[in-house]
Amino acid sequence: MTSQPTLSKAENGPGAPGENGSGLQAGLKNRHLSMIAIGGVIGAGLFVGSSSGIATAGPGILLSYALVGTLVVLVMRMLGEMSAANPTSGSFSAHADRALGRWAGFSIGWLYWFFWVVVLAVEATAGAKILEGWIPAVPQWGWALIVMVVLTATNLVSVGSYGEFEFWFAGIKVVAIGAFIVVGALAVFGVLPGAHSDKAGLGNLTDHGGFLPHGPGAILTGVLLVVFSFMGSEIATLAAGESENPQRAVTKSTNSIIWRIGVFYLGSIFIVVTLLPWNAPSIKDQGSYVAALNSLGIAHAGQIMNFIVLTSVLSCLNSGLYTASRMAFSLGERGDAPKVFARTTSRGVPLAAIVSSVVFGFVAVFFNYRFPDSVFLFLVNSSGAVALFVWLVICFSQLRMRRIIQAEAPEKLVVKMWLYPYLTWATAALIVFVLGYMLTDTEGESSGRTTVLLSLLVAAVVVAIAFVRQWDARRKGRTDSLAAAAGAGAGPETPVETKV
């Protein structure tokens, strides 16, 4: 019978000494953490990808967003429970390490790092396209390089500079969506002066083929299209380890996740599908948010939305580089990555972890321009389902960590998962169902089936490496034990008794 892992302190909390460095430092202020938590659930995918979801499910896309939003709320509740009890830079990877074993922490940590370095390339390219449209004298690859270099420099200065940049990036997103919801709601209810909103109204939810024009099955198809736009909500639990009061920061971000998703996702999508008929050609041609703004007669709606999307892209890049580097730092601390990743500068910055992450990001950007339909397509597809893998690991980790915390430090259960363990099992089952449903999607080079199968392939390779490392460590441990035992048994040479 194996013994349960013990609940320990964060590997390298703020101010803790690191190898050849000062360790991570508490450089994030409360306002930074608050905006990181809010901005973490607002990705560029909300602005860019929502039009395809609306075309697929009609107004019923609201149910798709509600279903995925509920899933994220439950997963974040579990993660909040573990992170409030034990804040750490490795977040769910460190929790999986303790709850499920070294192989789990190693595997999900590296898969998550892989996901974010690929995201760096995707977002850098998206931002470069917008900037090239504004200033075509600089080629697209040049803009991608400039954006990556600037945000790398920001992360290298200090965690406080990352927090300050993210505070303003996220602030712009929050203000923009808030204004969009207020203005759109006034138009929907016919009280916005001067707006050209003759098509707006609650009737758009049912007048054009019904609330579910493509049938109930379209809700699940919509889930596949919107689920990945929620990735990033867990960043606040990683960043909390570098705040002045990690437990308070985690608790606050966990408790506020419901209204954040309700307002920014469901609220803004509700405005879009009530301002315009879901099948309006402009939604597909211009994008859902641009089409909605244009329907109100707002001048330069496209450029306004491009600016907001660019801000979201820069925010995602900034947070992606931070997240990848902190995961690499945590892996280095636990011996699952080169030890140099765990070394910090005098300002508490994991220099090697940041540089290594951005180098792989640059390599991915190169593949995007040189081999977009082969190598880069493989990278995107093979990292696509990592979000669901992470959420599934969080579920299984929480099932065991709750028992560990209750046994060793019950006072640390300041955040509790609702209806434990039944709701945890239900959440895990829903995630498995979504993965299974993705296998039925076979259309296109980036189909759900392709994404799941390639992601499983990469995950299987990483898990295999984890088990090989674990086996090798045990073998070396047994060899060292035998050598030590042999050394202890060999005393001074005993003289041989001779007969005279």
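Structure first, text after, so check above.
The text that follows walks through the structure, step by step, so that each part is easy to find. (Residues numbered from 1 in each chain as written. Predicted model: local features only at pLDDT ≥ 70, side-chain atom pairs only at ≥ 80, totals over all residues. Heavy atoms only, no water.)

**Some thoughts on the packing of aromatic side chains**
- Scanning the entire structure with this criterion turns up 19 aromatic pairs.
- Ring centres of Trp110 and Trp113 lie 5.4 Å apart, and the angle between their planes is 80°; this geometry places the pair in the edge-to-face category. Here the residue Trp110 and the residue Trp113 both occupy positions in helix H5 (residues 102-134), the gap between them amounting to three residues, near one helical turn.
- Plain terms: the ring middles of Phe180 and Tyr289 are 5.1 Å apart, the flat faces sit at 45° to each other, and that makes the pair tilted. Pair noted here: Phe180 is in helix H7 (residues 159-188) and Tyr289 is in helix H13 (residues 288-295), with a separation of 109 residues, a long-range link. (Phe/Tyr/Trp six-rings, centres within 6.5 Å; stacked < 30°, edge-to-face > 60°. Helix = DSSP H or I, 4+ residues; strand = E, 2+ residues; numbered from the N terminus.)

**Topic: the side chain of Thr427**
- Assignment of secondary structure puts Thr427 in helix H18 (residues 422-438).
- If we skip the residues at most four places from it in the chain, Thr427 touches Leu71, Leu74, Val75, Met78 and Cys395. (Contact = heavy atoms within 4.5 Å.)

**Regarding the layout of surface pockets**
- Roughly 370 Å³ of internal volume is contained in the second largest pocket.
- Forming the walls of the second largest pocket are 19 residues, and the residues nearest its centre are Trp113, Phe114, Val117, Phe360 and Leu379.
- Listing elements by their share of the lining of the second largest pocket, those giving two or more residues are H5, helix H15 (351-370), helix H16 (375-383) and helix H19 (448-489).
- The greatest single-element share of the lining of the second largest pocket, amounting to six residues, is contributed by H5.
- Looking at the lining of the second largest pocket, its residues break down into 17 nonpolar, two polar and no charged. (1 Å grid on protein atoms, 1.4 Å probe; cavity = no way out; pocket = protein on both sides within 12 Å on 5 of 7 lines; lining within 4 Å. Points joined across faces, edges and corners; volume = space filled by probe spheres on them. Nonpolar A, V, L, I, M, F, W, Y, C, P; charged D, E, K, R; others polar.)

**Considerations on a nonpolar patch on the surface**
- A cluster of nonpolar side chains, contributed by Leu100, Trp103, Phe396, Trp425 and Phe467, occupies part of the molecular surface with about 460 Å² of accessible area.
- Topologically, Trp103 is positioned in helix H5.
- You can call Trp103 partly exposed: its relative accessible area is 30%. (Patch = residues over 30% accessible without salt bridge, like charges linked within 9 Å, V, L, I, M, F, W, Y side chains within 5 Å. Areas by Shrake-Rupley, 256 points an atom, 1.4 Å probe, with all protein chains shown as cover. Salt bridge = Lys/Arg side-chain N within 4 Å of Asp/Glu carboxyl O. Buried < 20%, exposed > 50% of the residue type's maximum accessible area, 1.4 Å probe, protein only.)

**Points about the packing of helix H4 (residues 91-99) against helix H17 (residues 386-408)**
- In the contact formed by H4 and H17, the axes pass within 9 Å of each other and the chain directions differ by 45°. Considering their axes alone, H4 and H17 lie oblique with respect to each other. Where H4 crosses over H17, the handedness of that crossing is left-handed. Where H4 approaches H17, its residues Phe92, His95, Ala96, Arg98 and Ala99 are matched on the opposing element by Val390, Val393, Ile394, Ser397, Arg400 and Met401.
- Its residues assigned to classes, the contact of H4 with H17 comprises seven nonpolar, two polar and two charged. (Axes fitted to C-alpha atoms, helices over the stretch in contact; angles between N-to-C directions. Parallel < 35°, antiparallel > 145°, perpendicular 65-115°, else oblique. Left-handed = near helix turned anticlockwise from the far one by under 90°.)

**Remarks on unusual backbone geometry**
- A cis geometry characterises the amide bond from Tyr420 onward to Pro421, with omega recorded as 0°.
- For Pro421, the location among the structural elements is in the loop between H17 and H18.
- Here Ser91, not a glycine, exhibits a phi torsion of approximately 45°, which is positive.
- Summarising the element assignment, Ser91 is placed in helix H4.
- One non-glycine residue with positive phi stands out, namely His300, at about 55°.

**Examining the environment of Val359**
- Along the chain, the position of Val359 falls in helix H15.
- Residue classification places Val359 among the partly exposed positions, given a relative accessible area of 41%.
- The spacing of Val359 and Val117 is 242 residues in sequence and 8.9 Å in space, taken between C-alpha atoms.

**Comments concerning the pattern of salt bridges**
- This structure, assessed with the given rule, holds nine salt bridges.
- For the salt bridge of Arg31 with Glu164, the shortest nitrogen-to-oxygen distance reads 2.8 Å. Of this pair, Arg31 sits in helix H1 (residues 30-39) while Glu164 is found in helix H7, placing the two residues 133 residues apart along the sequence.
- Assessed through its relative accessible area of 34%, Arg31 is described here as partly exposed.
- The shortest N-O distance in the salt bridge between Asp97 and Arg334 comes to 3.3 Å. You can see Asp97 sitting in helix H4 and its partner Arg334 sitting in the loop between helix H14 (301-333) and H15, a full 237 residues away along the chain. Here Asp97 and Arg334 have matching classes, each one buried.

**Side note on the environment of Thr424**
- Structurally, Thr424 can be placed in helix H18.
- Each residue touching Thr424, except ones within four places of it in the same chain, is listed here: Met78, Cys395, Gln398, Leu399 and Met417.

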